[in-house]
Every structure is written in structure tokens, then in C-alpha cells.
Amino acid sequence: MIRGAKRRTMARMHDPAAAAAAADPLRLVRDLRPQSFGRSHPEKIREPIVEPAWSGLRVLAAAHAGHAIIIDDGESVEEHEPILMRLAESMAATTDGVVLDGYLTKQVVANAVGVYTGPDDLPSTGKMIAQTMVGVRRNRTEEAAKRLEADTKARSFAADDLVNLVVVDLLWLDGEWLLDVPLLERKRLLESVLPGDDLVRPGAYVRPPLATWIGSWRAQGFAGLTFKSANSRYRPGEQAPDWTVTPMPSR
């Protein structure tokens, strides 16, 4: 996708309409798909950035000229008007356009002490750790069914659900792709342009050591961790060998 975009650069120089379309992130985001996680062991991720694993719907979003759009697998998500309005307003004040990677989620920290008010059907940490232990008797069919049920509930939103957009990556800013910018720098740029509030906010991330953060995230109900190389690039629609996700440690 990136190579294709580069091949079209010369054509845009001679086509004003194409150049205008390419400068509109609301159009650009429709052709993108999120970069997915690989299967590496966390210890093999060099200089990792660690985040809590959010439950919910993985989406791409864009804002430009007072308008915003949220995309799920190429289709526009229309039913979260307050989030769209807040995203459009906040980005209009700080940028000339963005493309973002994030999660629509019911998983919300209610206050500073970390009260978890999201879905109550996530498996307990003890169960997750037990499932990975050698010698523990497992009903894999039952486990798969429970995971599917929990994932379906987390990705389904009722009219009275409290939903917010947690942004974890910045892909395009003020007319420039950031796909080849290292992840840590993309994170810092994201924090500079996206003020956090109750509807749209950047996701938390830390660098090792993790002991204090694991305890806090576990108390808030997070069931897993993501590990991403601080130097990783973003390849839309591809699997990242230097990204992985793991169950939350028991301690």
C-alpha cells in the first residue's frame, strides 16, 4: 500500500483533482486497514513500548476541516455521533488533518484511582494464567466459545453504553504520512495534537520495568498486554513481526 502510494505521486503532480483527494484524510482512511499483531514472544521485541490490551472494536479514524470519520474494515461507523463531533472539534483546533488507529471501547477508567466500569465478562487473570500452564486440564472448545462470546459483547454497543475512542497510533498528520516514522515518535506526536477527554483520548503506554503498571492495569480489568518495538514502522493491512499481544501476568 505504501509502495502503491509512492507510485502514484508523479501522477498526482499532473492531476489537480487526484492531488486534492490525496490530501484529504477522510478519503485516504477508507482504503486502509490496521496493522495486525504478530506472534513473537514479548522477550523478542526490542525496546518495547507496552500498552494495556483494549477490548472493543479496532478502528481507523480521520479528521479534517471540521469533519471526522471512523472506519471499521472499510465501512463507515455512523452511530457514535458524539465521538465524531468531539474528534472533529479537537483536531480542528490543533491540526490540518489526521489519520488515527484506535479502539471504540466500553472499557473505561472511571476515575483517577482506576475503577473499571467496562464489560464484566472478561476472564479473570487467574483463569488466563491457568490456561497457559502445562498440565492444567483444558476444555479448548469451551475456552474458544467463551472468548468468542466475550469478544462479540465487547465489539457490540447498545444505545445506552458508554463508549469512547482510545487512540493508539498516528498515521498521517497535516498532509504527511508517518508510516515510516518510528512508533515512539508517532506516540509523542499523537500526545501533542490529541488532548485527552472522556470521549476521545490517547491510550496509555509505558517502557519497562512494568511491575507497577501491570498491577494498576490488572486492577482496572485489562486482560492482556501489547508489546510493540519502539522503532517499529506501520504497514497498513500487514502483520507486524515486532508487535505481539500476551495475557496479563498474574503478578
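See the structure shown above.
Quick caveat, the model's predicted, so the values are computed rather than measured.

A. Quick look at unusual backbone geometry. The omega torsion across Pro208 and Pro209 is 5°, close enough to zero to call that bond cis. Relative to the elements of secondary structure, Pro209 occurs in the loop between strand S9 (200–202) and helix H9 (211–219). Located in the positive-phi region is Glu47, a residue other than glycine, with phi close to 45°. Take Glu47: it is sitting in the loop between strand S1 (36–37) and strand S2 (48–52). Look at Glu47 and you get exposed, because its relative accessible area is 54%. Unusually for a residue other than glycine, Asp73 sits at a positive phi of about 55°. Here Asp73 shows up in the loop between strand S4 (67–72) and strand S5 (75–76). A residue is classified by how much of its surface remains accessible, and Asp73, at 57% relative accessible area, is exposed.

B. Spotlight on the environment of Tyr103. The topology assignment puts Tyr103 in strand S6 (residues 98–105). Separated by 49 residues in sequence, Tyr103 and Trp54 have C-alpha atoms that sit 7.1 Å apart. Once residues lying within four places of it in the same chain are set aside, the contact partners of Tyr103 are Phe37, Trp54, Leu57, Arg58, Val59, Asn164, Leu165, Val166 and Val168.

C. Region of the structure containing the sheet that holds S2. Pairing in this open sheet of three strands is antiparallel, and the strands run S2-S10-S12 from one edge to the other. Looking at the sheet topology across the chains shown, the edges are occupied by S2 and strand S12 (243–247). For this sheet, the mean inter-axis angle between neighbouring strands, taken without regard to orientation, is 25°. When strand S10 (residues 224–229) meets S12, the two strands line up antiparallel, connected through five bridges. For Lys228, the partnering residue across the bridge sits in S12 and is Trp243.

D. Molecular detail of the nonpolar core. Ranked by size, the top nonpolar core spans 30 residues in total, and within it Val29, Val50, Val99, Trp217 and Leu225 carry the most contacts. Sorting the residues of this core by element identifies helix H4 (25–28), strand S3 (57–64), S4, S6, strand S7 (164–173), H9 and S10 as the ones contributing at least two each. Not counting chain neighbours up to four residues away, the residues in contact with Val99 comprise Pro25, Val29, Leu32, Ala61, Ala62, Asp169, Leu170, Leu171 and Trp172. Membership of the second largest hydrophobic core comes to 24 residues, among which are Ile70, Leu100, Leu170 and Val200.

E. Quick look at empty space enclosed by the protein. Inspection of every chain in the model, using the stated rule, returns one cavity of 30 Å³ or more. Roughly 40 Å³ of internal volume is contained in the largest cavity. Breaking the lining of the largest cavity down by element, the ones donating at least two residues are S2 and S10. By residue class, the composition of the lining of the largest cavity is six nonpolar, one polar and two charged.

The rules behind these values
- Residues numbered from 1 in each chain as written.
- Predicted model: local features only at pLDDT ≥ 70, side-chain atom pairs only at ≥ 80, totals over all residues.
- Heavy atoms only, no water.
- Helix = DSSP H or I, 4+ residues; strand = E, 2+ residues; numbered from the N terminus.
- Buried < 20%, exposed > 50% of the residue type's maximum accessible area, 1.4 Å probe, protein only.
- Contact = heavy atoms within 4.5 Å.
- Pairing = 2+ DSSP bridges.
- Axes fitted to C-alpha atoms, helices over the stretch in contact; angles between N-to-C directions.
- Core = buried A, V, L, I, M, F, W, Y, C linked by side-chain atoms within 4.5 Å.
- 1 Å grid on protein atoms, 1.4 Å probe; cavity = no way out; pocket = protein on both sides within 12 Å on 5 of 7 lines; lining within 4 Å.
- Points joined across faces, edges and corners; volume = space filled by probe spheres on them.
- Nonpolar A, V, L, I, M, F, W, Y, C, P; charged D, E, K, R; others polar.

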